[in-house]
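# A closer look at the structure
The primary structure of each chain is shown beneath.
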Amino acid sequence: QVQLVESGGGSVQAEESLRLSCAASGRSFSIYDMGWFRQAPGKEREFVAAISKSGGRTYYSDSVKGRFAISRDNAKRTVVLQMNSLKPEDTAVYYCAAGVDAGPFYNNARLYNYWGQGTQVTVSS
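Reading guide: rules and limits
- Residues numbered from 1 in each chain as written.
- Predicted model: local features only at pLDDT ≥ 70, side-chain atom pairs only at ≥ 80, totals over all residues.
- Heavy atoms only, no water.
- Pairing = 2+ DSSP bridges.
- Helix = DSSP H or I, 4+ residues; strand = E, 2+ residues; numbered from the N terminus.
- Axes fitted to C-alpha atoms, helices over the stretch in contact; angles between N-to-C directions.
- Buried < 20%, exposed > 50% of the residue type's maximum accessible area, 1.4 Å probe, protein only.
- Disulfide = S-S within 2.5 Å.
- Lys, Arg positive; Asp, Glu negative; His and termini not counted.
- Salt bridge = Lys/Arg side-chain N within 4 Å of Asp/Glu carboxyl O.
- Polar contact = N/O pair within 3.5 Å; in protein donor to acceptor, adjacent residues only side chain to side chain.
- Contact = heavy atoms within 4.5 Å.
- Core = buried A, V, L, I, M, F, W, Y, C linked by side-chain atoms within 4.5 Å.

### Describing the sheet that holds strand β8 (residues 78-83)
Read across the sheet, four strands follow the order β1-β3-β8-β7 without closing on themselves; strand pairing throughout is antiparallel. Taken across any chain shown, the strands that pair with only one partner, and hence form the sheet edges, are β1 (2-7) and β7 (68-73). Shown here is a sheet whose adjacent strand axes are inclined to one another by a mean of 15°, direction ignored. Where β7 and β8 come together, six bridges link them in antiparallel fashion. Within the sheet, the bridge partner assigned to Ile70 lies in β8 and is Leu81.

Encoded structure:
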């Protein structure tokens, strides 16, 4: 199995940026598709972005496309979510997730086997 720890959350103003990191330990990192999900108070968990095992394919929700970028470094066992032009509606707890075979349905949370504890992102207007 793999353990995931997110970092980088915080409070920012609208249009500012944040960089979330997810560090993995345990089994070989490169065997996992990686995703970021978020959950706002009173709302269901929603897909944000995902990246394939090799990093060759990336996927984004429509709400973040063009503003967020996901990347991974398999040697460092990390996945990063760069968030630019943040909006108040991006406020949520952000979770890193790992799935052995999440593709091609990367936006399906049920296909991810392991989850981090989450990191809070708050964007004020």
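### Focus: the pairing of strand β9 (residues 92-99)
In terms of burial, β9 is largely enclosed, as seven of its eight residues are buried. In the sheet, strand β4 (residues 33-39) pairs with β9 via seven bridges, with the strands oriented antiparallel. Its bridge partner being in β9, Gln39 is matched across the sheet by Val93. Pairing geometry for β9 and strand β11 (residues 119-124), over three bridges, is antiparallel. Directly across from Val93, in β11, lies its bridge partner Gln120. One ladder, built from two bridges, connects β9 with strand β10 (residues 114-115); its direction is antiparallel.

### Focus: the state of the cysteines
Overall, the coordinates contain one disulfide when judged by the stated rule. In this model Cys22 forms its disulfide with Cys96; the gap between the sulfur atoms is 2.1 Å. The chirality of the disulfide connecting Cys22 with Cys96 is left-handed, given an S-S dihedral of about -80°. Separated by 74 residues along the polypeptide, Cys22 in strand β3 (residues 18-26) and Cys96 in strand β9 bring together distant segments of the chain. One exposure class covers both Cys22 and Cys96, and it is buried.

### A word on the environment of Gly66
Relative to the helices and strands, Gly66 is located in the loop between β6 (58-60) and β7. With relative accessibility at 80%, the residue Gly66 sits in the exposed group. On a C-alpha basis, the gap between Gly66 and Met83 in space is 9.7 Å, while along the polypeptide they are 17 residues apart.

### Describing the side chain of Arg72
Inspection of the secondary structure assignment puts Arg72 in strand β7. Buried charged residue Arg72 carries no salt bridge. Nearest counter-charge: Asp33, at 5.5 Å. A distance of 3.2 Å separates a polar atom in the side chain of Arg72 from the backbone oxygen of Phe29. Within polar-contact distance, the side chain of Arg72 engages the backbone oxygen of Tyr32 at 2.8 Å. Setting aside its immediate chain neighbours within four residues, Arg72 contacts Phe29, Ser30, Tyr32, Asp33, Met34, Ile51, Ser52, Lys53, Ser54, Gly55, Thr78 and Val79.

### Some details on the nonpolar core
Met34, Trp36, Val79, Leu81, Met83 and Tyr94 are the most contacted members of the largest nonpolar core, which totals 28 residues. Looking at this core, the elements with two or more residues in it are β1, β3, β4, β5 (46-51), β7, β8, β9 and β11. Among all residues touching Val79, those that are not within four sequence positions of it are Leu20, Ser21, Cys22, Phe29, Met34, Trp36, Ile51, Ile70, Ser71, Arg72 and Cys96. Among the nonpolar cores identified, the runner-up in size contains seven residues, and Phe37, Phe47, Tyr106 and Tyr112 belong to it.

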